[in-house]
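Topology and contacts: notes
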Amino acid sequence: MRRSPAFEAFRYAAILLACAITLVPILWMVSMAFKPIAEWQATGADLTWFPKEPTLDNFRYIFGESGSNLIVALDRTAAKPILSSLLSASLGTLIAMAAGTSAAYGLSRFGAGGNLPLALIQLRLFPPMAVMIPVMMMWSFLNLMDTWWGLALIYGIVTLPFAFWLMKTFFDDMPREIEEAALVEGCSRGRVFWRITLPMMRAPLASAALFVFILNWSDYLIALLLTTREWVTIPVYMASLSSSMTGQLYGAKAALGLIAAVPPVFLGIMIQRHLVRGLTFGALKQ
Amino acid sequence: MAEISFHNVTKRYGQTVAVDNASFTVADNEFFCLFGPPLSGKTTMLRLILGLERPDEGEILIDGRRVNEVSPARRNIAMVFQNLALFPHMTAEQNVRFPLVERGEAEAVIGARLKDAAAKLHIGHVLHKMPAQLSGGERQRVAIARALVRDPVAFLMDDPISALDARLREETRVELKRIQREAGRTLIYVTHDQEEAMSVADRMAILERGAIRQIGRPVDIYDHPASAYVAQLLGAPAMNILPVAMVQGGGGVIRLEGLAPAGTAEIGIRPEDIRVGAHDGHGAVAKVWEVEPLGGTTVVTLDVGGRMLRALMRGQPDIRVATAVTLSVDLGRAHFFGAGGQALRRA
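Every value quoted in this text rests on a predicted model; they were computed, and no experiment measured them.

All right, on to the side chain of B:Glu53 then. Residue and element names in this part refer to chain B. Inspection of the secondary structure assignment puts Glu 53 in the loop between helix H1 (42–50) and strand E4 (57–62). Residue classification places Glu 53 among the buried residues on the basis of a relative accessible area of 15%. Among the polar contacts made by the side chain of Glu 53, one reaches the side chain of Arg 47 at a distance of 3.0 Å.

Structure representation (structure tokens):
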């Protein structure tokens, strides 16, 4: 089909607009992370796309060095929130993936727990706010409040349905004859899972795990309610980055935001090869 | 070396009866074919023999030993699946080695057997490739090599060459027969292609909705089908089945030289047994509807009072579309079926 030049021009304009809406805020964050405090709130002609005097002060600041006399040093640095986020999101992902994958395999292969999908839908339909208060009570009874492992546990529970559904689709799409061939060729059921199913599922597992990790990594609400001081996560800590003298600490927030973007991007690049295959796994006839 | 028997085996999936009270014995070293239309229970029978399914009723015996409760791994039967079921994350070589590795064979034994199987199936040059990099024919050879490599008591094959193109299929089935003879093992082969079944099988079983309708040598079944159903499954073009009134008596369109047995409801005539002659002015006529010259033979489709018959003639006869012809058949070449479709013997 031949399109008119006017249509083509319009098409590219629309694509550019969509890209701008998506990418400019990210670009702005990157730029802001390197701006000195004097440029944070610049207006008019002083407002520039890129820092006039690029500096690492913002990064130094959130890790405890007061690079400027305009703001007082933070009483708590970003180090522990970063650690908290890494630990809780990682362990949470591990819990969700381990439980979700097992459940998905059992249901897909043996029809075990036939009502599970329905139960998981109900879990997702529940407004998170409605369950968070009871969860707070339970967690404080179990001494899990303000701990990264307590956070990891609830992250694992909340993202379990996603892990389950993604993995179930992948298992359903895997021809069962491949496992049966291994059974006939001398494997036990358990051995088939380790020798055949898991290796074949590497790509789908990686994609599902990345998806679940990003959900856990970007949680704010749960961490806000379940952590108070010791183990607050990056989003909660970021919200607290303001001072009574200067208001919002834009540069510091941008610097922290930039750091927060690193793990998902890094993971994404690491498993990129698998990601493409994983996300199209069901769409392609083998 | 194994004799495999079904004794009154029934397998149900919910309301569906996949295998219906089936009994048969496959002799040692036999090339046995399970043949029937889709969903007639062929694959389920293989799965029962493998132990991937358990029968609801009846017994399955391997060399006289009941195996109903024996796990697939312990039955020592090799299978080539319809979709081949190669392990996609392993190279061709790893695929073929797999059965031996899983059984804990010594590396020296594995190496020798691998070499042997690769040579037999001519896949030595593709062993380093992944299944996704192989052609359809190569994949299928790798799958057969994986079954062959470990010296099982019997081979099962579920329509393994249906995905190949016609020429490759013919080559492969000749080779399968050779491999089976050389290996000296029982081979149970599932197919829905009647030509394939007839050409490779020592004996075959004809299936209909999970039940076995006839067992025997292919030519015997072809010549003496037990029912109209069986008769129509074998042979291409399929046997013509006509109400008896169309063949004999005053209104008959086809001249039968002789009398049909009492109780005949339908008469079956193989396309190659219809004699087509020029119209001589007497009796009813058939009209030539279509002529398909195939080189060595010609398929002629005939319109007989609105009913289509097919005749297979040698060479390229001089028959033109829309002309009138007369049809006749020898009594000895016709098949007679009762009201229930059962075959009747000539008196």
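Residues and elements named next belong to chain A. As annotated in UniProt, the feature "transmembrane region" (unreviewed entry) corresponds to residues 12–34, 82–107, 119–142, 148–167, 205–227 and 247–271 in the numbering used here. Annotation note: span residues 12–34, helix share 96%, strand share 0%, distance between end C-alpha atoms 32 Å. The distance from the first to the last C-alpha atom of residues 148–167 is 26 Å, and the span holds 100% helix and 0% strand.

This part is about a nonpolar patch on the surface. All names here are of chain A. A contiguous nonpolar patch, built from Val 24, Leu 27, Trp 49 and Phe 50 and spanning about 400 Å² of accessible area, is present on the exposed surface. Along the polypeptide, Val 24 turns up in helix H1 (residues 5–33). Among the residues examined, Val 24 registers a relative accessible area of 32% and is labelled partly exposed.

Tallying the contact residues gives 16 residues for chain A and 24 residues for chain B. Interface of chain A and chain B: buried area, both sides summed, is about 1700 Å²; carbon and sulfur atoms make up 62% of it. It is A:Val184, A:Glu185 and A:Arg195 in chain A that bury the most area against chain B; as a group they hold 40% of the surface buried on that side. There are four salt bridges connecting chain A and chain B. We note a salt bridge from B:Glu102 to A:Arg191, for which the minimum N-O separation is 2.6 Å. For the pair chain A and chain B, the interface holds eight residue pairs in polar contact (both at pLDDT 80 or more). Looking at the side of chain A that touches chain B, the elements with two or more residues in it are helix H8 (176–184) and helix H9 (189–200) of chain A. Ranked by residue count, the leading element in the side of chain A that touches chain B is H8(A), at seven residues. Residue composition of the side of chain A that touches chain B, grouped by class: 10 nonpolar, one polar and five charged.

This part takes up the sheet that holds strand E3 (residues 31–35) of chain B. Residue and element names in this part refer to chain B. Taken in spatial order, the six strands line up as E6-E7-E8-E3-E9-E10 in an open sheet, and their pairing is mixed. Of all the strands in the sheet, the pair left with one neighbour each is strand E6 (77–80) and strand E10 (211–216). Put simply, the sheet's adjacent strands are angled 20° from each other on average, direction ignored. Of the strand pairs in this sheet, E6 and strand E7 (residues 154–158) are connected by four bridges, and their pairing is parallel. Bridge pairing in E7 links Met 79 to Leu 156. Packing of H1 onto the sheet brings it into contact with E3, E6, E7, strand E8 (186–191), strand E9 (203–208) and E10, and relative to E7 it is tilted by some 150°. Along the sheet face, helix H5 (residues 136–148) touches E6 and E7 and points at about 175° away from the line of E6.

The next thing to look at is the packing of helix H3 (residues 92–102) of chain B against helix H4 (residues 107–121) of chain B. All names here are of chain B. Where H3 contacts H4, the two axes come as close as 10 Å, and the packing angle between them is 135°. Taken together, the axes of H3 and H4 lie oblique to each other. Crossing geometry of H3 relative to H4 is assigned as right-handed. Contact with H3, carried on its side by Glu 93, Val 96, Arg 97, Leu 100 and Val 101, involves Glu 107, Ile 110, Arg 113 and Leu 114 of H4 and no other residues of that element. Looking at the contact of H3 with H4, its residues break down into five nonpolar, no polar and four charged.

Residues and elements named next belong to chain B. Strand order in the open sheet made by the four strands is E2-E1-E4-E5, with antiparallel pairing throughout. The sheet is open, and its two edges are formed by strand E2 (16–26) and strand E5 (65–66), each paired on a single side. In this sheet, E2 lies alongside strand E1 (residues 4–13) in antiparallel orientation, the contact comprising seven bridges. Of the residues in E2, the one forming a bridge with Phe 6 is Phe 24. Here H1 sits on the sheet and contacts E1, E2 and E4; the angle it forms with E1, its principal contact strand, is near 115°.

Turning our eyes to something else, we now look at the nonpolar core. By size, the foremost hydrophobic cluster in this structure holds 59 residues, and its most contacted members are A:Ile196, B:Phe6, B:Leu34, B:Met45 and B:Ile188. When sequence neighbours within four positions are dropped, the list of residues in contact with B:Met45 reads B:Phe6, B:Val19, B:Ala22, B:Phe24, B:Leu34, B:Leu207, B:Gly210 and B:Ile212. Of all hydrophobic cores here, the second largest spans 44 residues; its members include B:Val80, B:Val126, B:Leu134 and B:Ile144.

Definitions and cut-offs
Residues numbered from 1 in each chain as written. Chains lettered and ligands numbered in written order. Predicted model: local features only at pLDDT ≥ 70, side-chain atom pairs only at ≥ 80, totals over all residues. Heavy atoms only, no water. Helix = DSSP H or I, 4+ residues; strand = E, 2+ residues; numbered from the N terminus. Buried < 20%, exposed > 50% of the residue type's maximum accessible area, 1.4 Å probe, protein only. Polar contact = N/O pair within 3.5 Å; in protein donor to acceptor, adjacent residues only side chain to side chain. UniProt positions renumbered as here; feature names shortened; annotations may be inferred. Patch = residues over 30% accessible without salt bridge, like charges linked within 9 Å, V, L, I, M, F, W, Y side chains within 5 Å. Areas by Shrake-Rupley, 256 points an atom, 1.4 Å probe, with all protein chains shown as cover. Salt bridge = Lys/Arg side-chain N within 4 Å of Asp/Glu carboxyl O. Contact = heavy atoms within 4.5 Å. Buried area = accessible area lost by both parts, 1.4 Å probe. Nonpolar A, V, L, I, M, F, W, Y, C, P; charged D, E, K, R; others polar. Pairing = 2+ DSSP bridges. Axes fitted to C-alpha atoms, helices over the stretch in contact; angles between N-to-C directions. Parallel < 35°, antiparallel > 145°, perpendicular 65-115°, else oblique. Left-handed = near helix turned anticlockwise from the far one by under 90°. Core = buried A, V, L, I, M, F, W, Y, C linked by side-chain atoms within 4.5 Å.

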